[in-house]
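Here are the chains, one letter per residue:
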Amino acid sequence: MTGSYIPAGYQPTLSLYETQAAISLIKRTFQDALAGALSLKRVSAPLFVDPATGLNDDLSGVERPVSFDVPAAGIDAQVVHSLAKWKRMALYRYDFHVGKGIYTDMNAIRRDEELDNLHSIYVDQWDWEKVISAEMRTESMLRIAVNAIVGCICDAALIVRGRYPSLSTSLSREVSFITSQELEDLYPDLTPKEREHAYVRKHPTTFLSQIGGKLRSGQPHDGRAPDYDDWSLNGDILFYNPLLDCAFEVSSMGIRVDPQALDSQLTLAGCDARRSLTYHRMLLEGKLPLTMGGGIGQSRLCMLLLGKAHIGEVQSSIWDEETHRVCEAAGVTLL
């Protein structure tokens, strides 16, 4: 998807006032359901971190973090890209045990993000992380968590439709699991995003796994930082969005790297220099707990459940002139 567009004939189902009330309903009900399903406790989280700790998420490795100086502390700080690594360090510091975890609101600025119907420079997620044992680092454990999250999303959809019967969003609880290599084998002549769209049209709730490592074509399906997800035990939850006719990512998640996986992935990604950072050193030495976790887009989920055509209808951000023009011409109000 490149640039913003509004489908022909689109009219928001809910008024601006109803939309705000519905967003509040979704956020309250979903986070409570998520906490119960995954045994999570809510915690406070930082908006910025010290880059010397290695705690910021490097995403695909090319995005520039927003940085600023902190004169009183004598350091520079970075606005977080996500809390993938911070959460694991928090579980260590808070002394959480196997089967228990945390969730929090994550707000980020990703200034290099392209602007279109699904992407904004402002990111809001529920970030979650829980402690697991070595025996739980399996595909079956990953699938259990995926099904639990999908169940929470579908339950939230039913609650919102019960409050606002005019909404027509219908989601499937049946998850189709497929690896990125299997997807490439199915559609070798398509780009990664085209493969996702083709598959999710036929399988409206999909978990696409094993993202980050190179496929047989020599290219990865998508970029992933080498120091939080284990590339063999991660993936994205995708729903089919009929309004935009696209694969709609709601969550990126996975079982996190253990010392062996981190050692291997740092070398594969050409990131060996990170080994001296506090987080990476502790992980390589086996001092951090084994965990699994992910992020679930708040605005993405609201957009999907409320049948919105543009993410700017459910969050306030900065948009380019073309996006303003397109939305104004279609009678769509950006918050």
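Notes on the structure follow. (Residues numbered from 1 in each chain as written. Predicted model: local features only at pLDDT ≥ 70, side-chain atom pairs only at ≥ 80, totals over all residues. Heavy atoms only, no water.)

1. Overview of unusual backbone geometry
- Of note in the backbone geometry, Ser-39 takes a positive phi value of approximately 60° without being a glycine.
- Residue placement: Ser-39 occurs in the loop between α1 (16–38) and β1 (40–42). (Helix = DSSP H or I, 4+ residues; strand = E, 2+ residues; numbered from the N terminus.)

2. Some words on the pattern of salt bridges
- Within this structure, the stated rule accounts for 22 salt bridges.
- A salt bridge links Asp-105 to Arg-42, with the shortest nitrogen-to-oxygen separation between them at 2.6 Å. Here Asp-105, found in strand β5 (residues 101–109), pairs with Arg-42, found in strand β1; they are 63 residues apart in sequence, far enough to count as distant.
- For Asp-105, a relative accessible area of 28% gives the class partly exposed.
- Across the salt bridge formed by Arg-275 and Asp-272, the nearest N and O atoms sit 2.8 Å from each other.
- Classification of Arg-275 by relative accessible area gives partly exposed; the value is 24%.
- Judged by relative accessible area, Asp-272 falls into the partly exposed class, the value being 34%.
- What you see here is one network of salt bridges that share partners, running through Lys-87, Asp-127, Glu-129, Asp-229 and Arg-256. (Salt bridge = Lys/Arg side-chain N within 4 Å of Asp/Glu carboxyl O. Buried < 20%, exposed > 50% of the residue type's maximum accessible area, 1.4 Å probe, protein only.)

3. Some points on the side chain of Thr-206
- Mapped onto the elements of the fold, Thr-206 is located in strand β8 (residues 205–209).
- Reaching out from Thr-206, the side chain makes a polar contact with the backbone oxygen of His-203 at a distance of 2.8 Å.
- If sequence neighbours within four positions are ignored, Thr-206 has contacts with Val-175, Ser-176, Ile-178, Tyr-199, Val-200, Asp-236, Ile-237 and Leu-238. (Polar contact = N/O pair within 3.5 Å; in protein donor to acceptor, adjacent residues only side chain to side chain. Contact = heavy atoms within 4.5 Å.)

4. Observations concerning the sheet that holds strand β4 (residues 75–79)
- The strand order across the open sheet formed by 3 strands is β2-β4-β3, and the pairing between neighbours is antiparallel. Looking at the sheet topology across the chains shown, the edges are occupied by β2 (48–49) and β3 (67–70).
- Both β2 and β4 contribute to a ladder of 2 bridges, which runs antiparallel. Considered in β4, the bridge of Val-49 is made with Gln-78. (Pairing = 2+ DSSP bridges.)

5. Describing the environment of Met-136
- For Met-136, the location among the structural elements is in the loop between β6 (122–131) and α3 (139–163).
- Along the primary structure Met-136 and Ile-255 are separated by 119 residues, whereas in three dimensions their C-alpha atoms are 9.1 Å apart.
- In contact with Met-136, other than residues within four places in its own chain, are Val-98, Met-141 and Ile-255.

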